Amino acid sequence: MARPRLGVVKFASCDGCQLTLLDLEDQLLGIAEQVEIVEFAEATSARSAGPYELLLVEGSVSTPEQAEAIVELRRQAAKLVTIGACATTGGIQALRVFADHDAWRASIYPHPEWIESLATATPIADHVPVDAELRGCPIDPGQLLEFLTATLLGRRPRLPDEAVCLACKRAGSVCVVVAHGEPCLGPVTRTGCGAICPAFGRGCYACFGPRETANVPGLRRSLVVLGNAPADVDERFAGFTALAPPFARAAAAGLAAAAATGGDDARR
Amino acid sequence: MISATEAPAHGPGFLARKDLGALFALVRDDGRRLIGPTVRDGAVMLDELDGPDALPEGIRESQTPGRYRLEAGRPGRLFDHTVGPSSWKRWTFPPTVPVGTTRRDGAVVAFEPATPDAAPLAFLGVRACELAALAVQDRVLLGGPVADPDYAARRRSALVIAIQCTTAASTCFCTSMGTGPEVSDGADVVLTELDDGFVVTAGSRRGRELLERLPVRLATAEERDAAAGGVAAARAAVAANAGVAAPGLPSRLMAALDSPRWADVAERCLTCANCTLVCPTCFCTSVTQRSDLAGAETLSERTWDSCFTGSFAAVAGGNFRSRPQDRYRQWLTHKFATWVDQFGTFGCIGCGRCVTWCPAGIDVREELAAIAPPPRAVVTGMHLPAVTPAPDEAWLRPARVVATHRETANVTTLTLAWEGQVPGAGQFVMAGPPGFSAAPISVSRARRGAIEMTVRAAGPATAALTALGHGATVGVRGPLGRGWPLERMLDRNVIVVAGGIGLAPLRSLIEAIAAERERFRDVTVYLGARTPRDRLFVGELGAWSAAGIAVTETVDRAGADWLGRVGVVTHLFDHAERLPEGAVAAVCGPERMMEATVEVLRARGIPDERIFVTLERHMECGVGLCGHCQLGRFFVCRDGPVFSIAELGDAFGREGL
């Protein structure tokens, strides 16, 4: 039986999610036995324009060229799966939608007229239908492996949409909200990372994006009652998944408050 | 199990604090891992301890809703705290345990149950409320028709050294629940801490033998008084806290299922599941699979789950508790009402963990007072009778597919070679292809040596089942659940109403009736299908008619080639002048269809006691241990899936239950 053809492509992103696949060192040979990797610029000079049985897409759409390219890739892919915070929510670069794009571009590049970028950085699903999402910045190697294994076997991959809190409690970590008053976004964030940040005493900053039934207003109220400044709580949403609909309002409020007080650096 | 506290021959003893190390050494000599309280990351956690130095010396906690901080306690005291976020269930009922492995080598499939990890444990510093929590989990996990083998092994091996509380947090309400602060039974050894050591008593033979090996002298009268004074101080402190009006609470709570407070609390509730995971009695789990890339080996693991997650009550095509208010109501009514129906105790032992560790600071005491306000309260104790462990249920066993029959585009009947107990009409099995989770599948035909399952491809697991060919191996458990009440139908008229795939569990009933047709009076079968192409068992309808069973069919949408009736199945009754006298009805189909059918049957004079339905719910274990399929006071898998409408009462057709 012919092995399914796997492609890995990227848009606006840091390549970290692709590296997660490369970092599966112990399993990489096994994966290569089960699938034929025909396109993966990080790993091989062999190239293919498709078709693909499975296409992993990293990054968000932030240039006009990318907006065209993803449409063609979708045509070539039987199953298109987005990987990482950029591809699934827009990523950190999506913060531009809360700012003046032209002013930013002019302040960074000596010749802004040479830069062709969109005023937005949007998730792949805003452009084409997506069959599955692997969340996170970067994605979790265990989830990637589970996704590939389940897909090869034909069963539903286990990608739970519950809160980070469940993994945190199963791991036996102490809740940083209750024991330390840390602003932690775990209760509204999708699990999958293994609750790494709380295990090291840090609050979750939602790099996996919103879980199902994310009660953002409820969490904002609670974190403020526990002693956090409202602007600090809101600013926490203005990170890797700020553009995700349940978070966008809080993120915008947090950025506006930060701008009003002279920006993040000035306040610290 | 563990007997009530026995007075040692010479009264309570005294163990000096400097000799506590001897206790650690003895326990270790016995080959046990010692688990006890220690400070980690700003909280008192239960971890494996090397020696007394690891205990939280001079530490006390400040606990209020949503807030926990360590503070200085009485100098030198090792147990001046109360309870932290971890509980003993982490060791008796760990967050993740293997349940079995499926190995596939070509066509050979083997299902191997996991062997419980039986390394014996010793628990040091168990509080009265926590002893009650262990007893509650004993009733849930050992006291039902099927016992959890992993829990049984860990629990039975554990040596329990209790500590009397001499302080209380503001979140403690053990006196409301009748579980503390005084330790009564369930411990092998009971310690009460004084400034320079511990007053000790044995609670079991095992405990007495341990004390005999320790440097324990008789306690003086002053020491005994000081110990009693410490516990009395704890009782006074708890009694001053807000509490729960436990007497009569279950009925008050169940009468308040439509309280507006559920929506109010849902605004605050983050459905983050922390309350259920810190709760020492919550027992809900899910089973997940991990396979190697080639699919040759699949490990199934049982993991703590929670009724607050979105997928907990989900089935193919829907979710019984999609709204946060449904999930909070499920949790609170289970802890304080339906748990009593199921297990004879409250599911709450008053430790206050869910209050402290709720990031939103929701206090169950406050919610209960608002939702089910107390009458004039008289607090009584919790009664915990001894538990008789039931025989262990085997894990998956292989069954071979010996025939397949395509019923419709997405429904297939699989015939499995079957050994062991023949399923009764309406019973189900848990079944799945190797590497997949097992799904509840009703048995559509059963005879000695073979059973049939009629499966609709609704998700990947059921799609994989319907795709299996002759000779394939399926993992199965069962027969499970309570089927149709054939004995209630003898010498009576019988009405069978099926919608779509709902005919599958009714086919076994119809065939059971046909096999002994003379023992029943008029039998009428009403069948509804979406389209003519969705009709099931078409080739068998003639045989049913020939056996003297009247069959009437309808379809929701017809094509040009359909000459029969069109419309929803309840319209079929419109054509019947009146339903037969004293009939018993058996109904299965989508829940909305069953609700509509029950309404019509009631209107035609059939009482709720004689209308039976079979319910679909999310099931993982099939034996009442995982919690997913709970419906009010029932576990659908164990108590059903067939219920009379009278049994279900208000629970039938209620949104979000």
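In this text the structure is predicted, and so the values were computed from the model without any measurement.

Basis of the calculations
Residues numbered from 1 in each chain as written. Chains lettered and ligands numbered in written order. Predicted model: local features only at pLDDT ≥ 70, side-chain atom pairs only at ≥ 80, totals over all residues. Heavy atoms only, no water. Helix = DSSP H or I, 4+ residues; strand = E, 2+ residues; numbered from the N terminus. Rg over C-alpha atoms; globule rule 2.2 N^0.38 Å. Buried < 20%, exposed > 50% of the residue type's maximum accessible area, 1.4 Å probe, protein only. Phe/Tyr/Trp six-rings, centres within 6.5 Å; stacked < 30°, edge-to-face > 60°. Core = buried A, V, L, I, M, F, W, Y, C linked by side-chain atoms within 4.5 Å. Contact = heavy atoms within 4.5 Å. Domains from an automatic or database assignment. Buried area = accessible area lost by both parts, 1.4 Å probe. Salt bridge = Lys/Arg side-chain N within 4 Å of Asp/Glu carboxyl O. Pairing = 2+ DSSP bridges. Right-handed = clockwise from strand over helix to strand, strands pointing away. Polar contact = N/O pair within 3.5 Å; in protein donor to acceptor, adjacent residues only side chain to side chain. Nonpolar A, V, L, I, M, F, W, Y, C, P; charged D, E, K, R; others polar. Axes fitted to C-alpha atoms, helices over the stretch in contact; angles between N-to-C directions.

## Considering the overall build of chain B
Working step 1: Tallying secondary structure elements over chain B gives 21 helices and 31 strands in all.
Working step 2: For 657 residues, the compact-globule estimate of 2.2 N^0.38 gives 26 Å, and chain B sits close to it at 28 Å.
Working step 3: Projected onto its principal axes, the C-alpha positions of chain B cover 95 × 60 × 40 Å.
Working step 4: Within chain B, the proportion of its 657 residues that are buried is 60%.

## Things to note about the packing of aromatic side chains
Residue and element names in this part refer to chain B.
Working step 1: Tallying each qualifying case throughout the model produces 17 aromatic pairs over all chains.
Working step 2: Measuring from centroid to centroid gives 4.8 Å for Y68 and W357, while their planes differ by 40°, and the two rings are tilted. With Y68 in strand β5 (residues 67-72) and W357 in the loop between α12 (353-356) and α13 (364-371), the pair connects residues that are 289 residues apart, well separated along the chain. By the burial criterion, Y68 is buried, and W357 matches it.
Working step 3: Considering the side-chain rings of F79 and F198, the 5.9 Å spacing of their centres and the 75° angle between planes classify their relative orientation as edge-to-face. Of this pair, F79 sits in the loop between β5 and α2 (89-92) while F198 is found in strand β11 (residues 197-202), placing the two residues 119 residues apart along the sequence.

## Thoughts on the nonpolar core
Working step 1: Core analysis: the biggest nonpolar cluster contains 134 residues, and F237 of chain A together with Y328, W331 and F336 of chain B have the highest contact counts within it.
Working step 2: Ranked by the residues each element gives to this core, the list is headed by helix α11 (residues 324-343) of chain B, at 7 residues.
Working step 3: Not counting residues within four places of it along the chain, the set of residues in contact with W331 of chain B comprises C275, T276, C282, C307, F308, C354 and V364 of chain B.
Working step 4: Core analysis: the next-biggest nonpolar cluster, separate from the first, contains 26 residues, L503, V523, F537 and F612 of chain B among them.

## Here's the deal with the domain arrangement of chain B
All names here are of chain B.
Working step 1: Once the domains are mapped, chain B shows domain 1 (13-240), domain 2 (249-371), domain 3 (397-480) and domain 4 (486-614).
Working step 2: Placing a centre on the C-alpha atoms of domain 2 and another on those of domain 3 gives a separation of 31 Å.
Working step 3: Counting residues at the interface gives 4 residues for domain 2 and 4 residues for domain 3.
Working step 4: When domain 2 packs against domain 3, the two sides together hide about 270 Å² of surface, and 56% of this comes from carbon and sulfur.

## Considerations on the interface of chain A and chain B
How big an interface is tends to be reported as the loss of accessible area on association of its parts.
Working step 1: Taken together, the contact between chain A and chain B spans 38 residues of the former and 49 residues of the latter.
Working step 2: Taken over both partners, the interface formed by chain A and chain B buries close to 3400 Å², and the fraction arising from carbon and sulfur atoms is 59%.
Working step 3: When the buried surface of chain A facing chain B is broken down by residue, K169, R170 and V178 of chain A rank first, second and third, together holding 20% of it.
Working step 4: Taken together, the connections running from chain A to chain B amount to 1 salt bridge.

## Observations concerning the pairing of strand β25 (residues 549-555) of chain B
Residue and element names in this part refer to chain B.
Working step 1: Relative to β25, strand β24 (residues 523-529) runs parallel, the two being bridged by 7 bridges. Across the sheet, G528 pairs through a bridge with T554, a residue of β25.
Working step 2: As for the winding sense of the linkage, the β-α-β connection from β24 through helix α17 (residues 541-546) to β25 is right-handed.
Working step 3: Bridge analysis of β25 against strand β26 (residues 565-566) gives 2 bridges, and the strand direction is parallel. Each residue of the ladder has a partner; that of V555, found in β26, is V566.

## A few points about the domain arrangement of chain A
All names here are of chain A.
Working step 1: For chain A, the assigned domains are domain 1 (5-153) and domain 2 (164-263).
Working step 2: Taken over C-alpha atoms, the centre of domain 1 sits 25 Å from the centre of domain 2.
Working step 3: Together, T89, F98 and R135 form the three largest contributors to the area buried by domain 1 at its contact with domain 2, with a combined 43%.
Working step 4: One can count 0 salt bridges joining domain 1 with domain 2.
Working step 5: Run the count over domain 1 and domain 2 and you get 2 residue pairs in polar contact (both at pLDDT 80 or more).
Working step 6: Tallied by class, the residues present in the side of domain 1 that touches domain 2 amount to 10 nonpolar, 4 polar and 2 charged.

## Describing the sheet that holds strand β2 (residues 33-40) of chain B
All names here are of chain B.
Working step 1: Taking strand neighbours across the sheet as the criterion, the 8 strands line up as β3-β2-β8-β9-β10-β11-β1-β12 in an open arrangement whose pairing is mixed. With partners counted over all chains shown, the strands left at the sheet margins are β3 (43-48) and β12 (217-218), one partner each.
Working step 2: One ladder, built from 3 bridges, connects β2 with strand β8 (residues 121-126); its direction is parallel. Across the sheet, R33 pairs through a bridge with L121, a residue of β8.
Working step 3: Across the face of the sheet, helix α1 (residues 20-29) comes into contact with β1 (13-16), β2, β8, β9 (159-163) and β11 while running at roughly 150° to β8.
Working step 4: Along the sheet, helix α6 (residues 205-212) makes contact with β9, β10 (189-193) and β11, crossing β11 at roughly 135°.

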